Amino acid sequence: MLSFLRSIKERDPAARHNLQIILFYPGVKAIFWYRIAHFLYVKLKLKLMGEFIMFIVRMIHGIEIHPAAKIGKRLFIDHGSGVVIGETTIIGNDCTIYQGATLGGTGKERCKRHPTLGNNVMVGAGARILGNITIGDNVKVGANAVVLDNVEAGKTVVGIKGRTL
Amino acid sequence: MLSFLRSIKERDPAARHNLQIILFYPGVKAIFWYRIAHFLYVKLKLKLMGEFIMFIVRMIHGIEIHPAAKIGKRLFIDHGSGVVIGETTIIGNDCTIYQGATLGGTGKERCKRHPTLGNNVMVGAGARILGNITIGDNVKVGANAVVLDNVEAGKTVVGIKGRTL
Amino acid sequence: MLSFLRSIKERDPAARHNLQIILFYPGVKAIFWYRIAHFLYVKLKLKLMGEFIMFIVRMIHGIEIHPAAKIGKRLFIDHGSGVVIGETTIIGNDCTIYQGATLGGTGKERCKRHPTLGNNVMVGAGARILGNITIGDNVKVGANAVVLDNVEAGKTVVGIKGRTL
């Protein structure tokens, strides 16, 4: 827990101290409840109970995580409003996800239909990573980028910059 | 109602059974309340009442639908957080809209200033369909795509994919 | 206050009268509470109190404004769900910001790491303006545009339109 708080202070310059992070970071609260909902859904097969918890979290914090998603250590969802993480998503350790990002499906696949993220992946605001694709370690995905194919470890994927008229 | 629930199960692989859909799908709740608000606003001219209901729905579920919008049968708003549907929007039957999508205006038009969607249109996450334009039947609009012109029936409009550096 | 309400009626064709704007416009409520939170945070150094107010506003209205941001007169946040305004952002007078827009950081800068907007700037739905850059007076930023560099006064920056297949 302390290593998680320390890692947030390294990742967010607006983080002032542990109390503030615990009280006011929606992404920290959403992950806390996801851990409980995931345990209920996957280990105890209390699916409706896990879904209920994440429904309430989405209502309060605007962050939607399917309780069956597999999420590694120290995931930091910053701001987080509008984030959607689908049922068959797998996320490694030390990833950072910003507001409005989607780890979702294309609607064409069944079974494993959401992305797999390695460790230390950064997903920018409004980025859409869709389908059963693999995003390697240390990849950075820029704001509003649409990603539909595998990305090799260490690469950066940028959204297209606006054009000045 | 049953045909609506069945159509959701066809469209969303994460949908397990009717009870789960009725309890935990924000888009289903938003549409339910929109039907009531639309009746109050348009038929009974209780405009403030209709607006109040949709204000509460937006607060709880993060989905904003103007009570005067005209929406056909079996619209499925999946995930739905951040969706905005403007006052003069017209939506056909069997459409699907994902989180973060906007059916909005460009700020340059008055009166009919929002889009008209045909039947069976799919609007991807974060897509922005703006202005008094017509989107034909069976059109698919990809994630984060910006659409400012009419689209013929059956076409697919894709957002620009991120570029790997 | 009256000039603010009048300016909203000019900017939003769906605005019918003052009562409706005061009751049901989440962006108007968010700005009202931001003024109080900003005073507590900056003048009285009650930082946790200011952060608490804006945490509640984000929970209720889905609009996230850091209490330390500097915001000019008559800012209108329309719809507003998913909007994020970072700690060191500076916004001039008469700006309009739509749902899903981010005035944020790139993660590479410390201290002043968010944008500075001039007067009468329009930021479209889902636009991401990132980093310590300056957006001149009267600039219009289109929906879903990604802006990482300074923009001269009077210019328009458009996001890339979707491609029809």
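So, here's what we can say about the structure. Quantities reported herein were computed from a predicted structural model and do not represent experimental measurements.

### Let's talk about the overall build of chain A
A tally of regular secondary structure across chain A gives four helices and 15 strands. In terms of C-alpha radius of gyration, chain A reaches 16 Å, essentially the compact-globule figure of 15 Å for 165 residues. Taken over the C-alpha atoms alone, chain A extends approximately 50 × 45 × 30 Å along its principal axes. If you take every contact in chain A between residues at least 6 apart in sequence, the share linking residues at least 24 apart comes to 32%. When the accessible surface of chain A is totalled, it reaches about 6800 Å², and 60% of it is carbon and sulfur. In chain A, which carries 22 positive and 11 negative side-chain charges, the distance between the mean positions of the two groups comes to 3 Å.

### What about the interface of chain B and chain C?
Chain B puts 32 residues into the contact, and the matching count from chain C is 29 residues. Across the interface of chain B and chain C, roughly 2600 Å² is buried in total on both sides, 58% from carbon and sulfur atoms. Its largest share of buried area at the contact with chain C, chain B owes to Phe55(B), Arg58(B) and Val146(B), together 22% of the area lost on that side. One salt bridge in this structure joins Lys161(C) and Asp149(B), with 2.8 Å as the shortest N-O distance. Elements supplying a minimum of two residues to the side of chain B that touches chain C: helix 4 (47–61), strand 10 (128–130) and strand 14 (156–158) of chain B.

### Observations regarding the packing of aromatic side chains
What the rule picks out here adds up to 12 aromatic pairs over all chains. An aromatic cluster is present here, built from Phe24(A), Phe52(C) and Phe55(C) joined pairwise through their rings.

### A word on the interface of chain A and chain B
With 31 residues of chain A in contact, the opposing surface of chain B contributes 29 residues. Carbon and sulfur atoms make up 58% of the area that chain A and chain B hide from each other, which totals about 2600 Å². Looking at the side of chain A facing chain B, the largest losses of area belong to Phe55(A), Arg58(A) and Val146(A), adding up to 22% of the total buried there. Where chain A touches chain B, the interface holds two salt bridges. Scanning the region where chain A abuts chain B turns up 14 residue pairs in polar contact (both at pLDDT 80 or more).

### So, the sheet that holds strand 6 (residues 96–98) of chain C
Across the sheet, which stays open at both edges, the six strands sit in the order 15(A)-14(C)-12(C)-9(C)-6(C)-3(C) with mixed pairing between neighbours. In the strand order of this sheet, the two ends are held by strand 15 (163–164) of chain A together with strand 3 (76–78) of chain C, each with one partner. Here two bridges tie strand 9 (residues 122–123) of chain C to strand 12 (residues 140–141) of chain C, and the two strands are oriented parallel to one another. The residue bridging Met122(C) from the neighbouring strand is Lys140(C), located in strand 12 of chain C.

### Some details on the relation of the copies chain A and chain B
The transformation that overlays chain A on chain B combines an axial shift of 0.0 Å with a rotation of 120°, and the residual RMSD is 0.0 Å. Here the symmetry operator amounts to a three-fold rotation axis. Of the C-alpha atoms belonging to chain A, the one lying closest to the rotation axis is found on Gly82(A), 3.6 Å away.

### Thoughts on helix 3 (residues 26–43) of chain A
An α-helical turn contains 3.6 residues, so a residue and the one three or four places further along point in the same direction. Residues and elements named next belong to chain A. Across its 18 residues, helix 3 extends 25 Å between first and last C-alpha, which sits within 8% of the 26 Å expected from 1.5 Å per residue. For helix 3, the set of buried residues is Pro-26, Gly-27, Val-28, Ala-30, Ile-31, Tyr-34, Ala-37, Leu-40 and Tyr-41. Where helix 3 terminates, the next one or two residues include Lys-45, which has phi positive at roughly 55°.

### Quick notes on the relation of the copies chain B and chain C
Relating one copy of the chain to the other takes a rotation about an axis and a shift parallel to that axis. Screw-axis analysis of chain B against chain C gives a translation of 0.0 Å along the axis, an RMSD of 0.0 Å, and a rotation angle of 120°. Here only 9% of the contact residues of chain B are again contact residues in chain C; the copies associate through non-equivalent surfaces.

### Notes on helix 1 (residues 2–11) of chain B
All names here are of chain B. Every buried residue of helix 1 is listed here: Phe-4, Leu-5, Ser-7 and Ile-8. Projection of helix 1 onto a plane perpendicular to its axis shows the buried side chains occupying an angular sector of 160°, all on one side. Pointing more than 90 degrees away from the buried face of helix 1 are the exposed residues Leu-2, Arg-6 and Glu-10. Looking at the buried residues of helix 1, the elements they touch are helix 2 (18–24), helix 3 (26–43) and strand 3 (76–78).

### Comments concerning the sheet that holds strand 7 (residues 102–104) of chain B
Residue and element names in this part refer to chain B. With parallel pairing, the five strands of this open sheet are ordered in space as 1-4-7-10-13. Strands with a single pairing partner mark the edges of an open sheet, and in this sheet they are strand 1 (64–65) and strand 13 (146–147). Of the pairings in the sheet, the one linking strand 10 to strand 13 comprises two bridges and is parallel in character. Paired with Ile-129 across the two strands is Val-147, which belongs to strand 13.

### A closer look at a nonpolar patch on the surface
All names here are of chain A. Together, Phe-39, Leu-44, Leu-46, Met-49 and Phe-52 make up a nonpolar patch on the protein surface, roughly 460 Å² of accessible area in all. Within the fold, Phe-39 resides in helix 3. Judged by relative accessible area, which is 45%, Phe-39 ranks as partly exposed.

Here is what the cut-offs are and how they apply
- Residues numbered from 1 in each chain as written.
- Chains lettered and ligands numbered in written order.
- Predicted model: local features only at pLDDT ≥ 70, side-chain atom pairs only at ≥ 80, totals over all residues.
- Heavy atoms only, no water.
- Helix = DSSP H or I, 4+ residues; strand = E, 2+ residues; numbered from the N terminus.
- Rg over C-alpha atoms; globule rule 2.2 N^0.38 Å.
- Contact = heavy atoms within 4.5 Å.
- Areas by Shrake-Rupley, 256 points an atom, 1.4 Å probe, with all protein chains shown as cover.
- Lys, Arg positive; Asp, Glu negative; His and termini not counted.
- Charge placed at Lys NZ, Arg CZ, Asp CG, Glu CD.
- Buried area = accessible area lost by both parts, 1.4 Å probe.
- Salt bridge = Lys/Arg side-chain N within 4 Å of Asp/Glu carboxyl O.
- Phe/Tyr/Trp six-rings, centres within 6.5 Å; stacked < 30°, edge-to-face > 60°.
- Polar contact = N/O pair within 3.5 Å; in protein donor to acceptor, adjacent residues only side chain to side chain.
- Pairing = 2+ DSSP bridges.
- Least-squares fit on C-alpha atoms with pLDDT ≥ 70 in both.
- Expected span 1.5 Å × (residues − 1).
- Buried < 20%, exposed > 50% of the residue type's maximum accessible area, 1.4 Å probe, protein only.
- Arc of directions from axis to C-beta.
- Patch = residues over 30% accessible without salt bridge, like charges linked within 9 Å, V, L, I, M, F, W, Y side chains within 5 Å.

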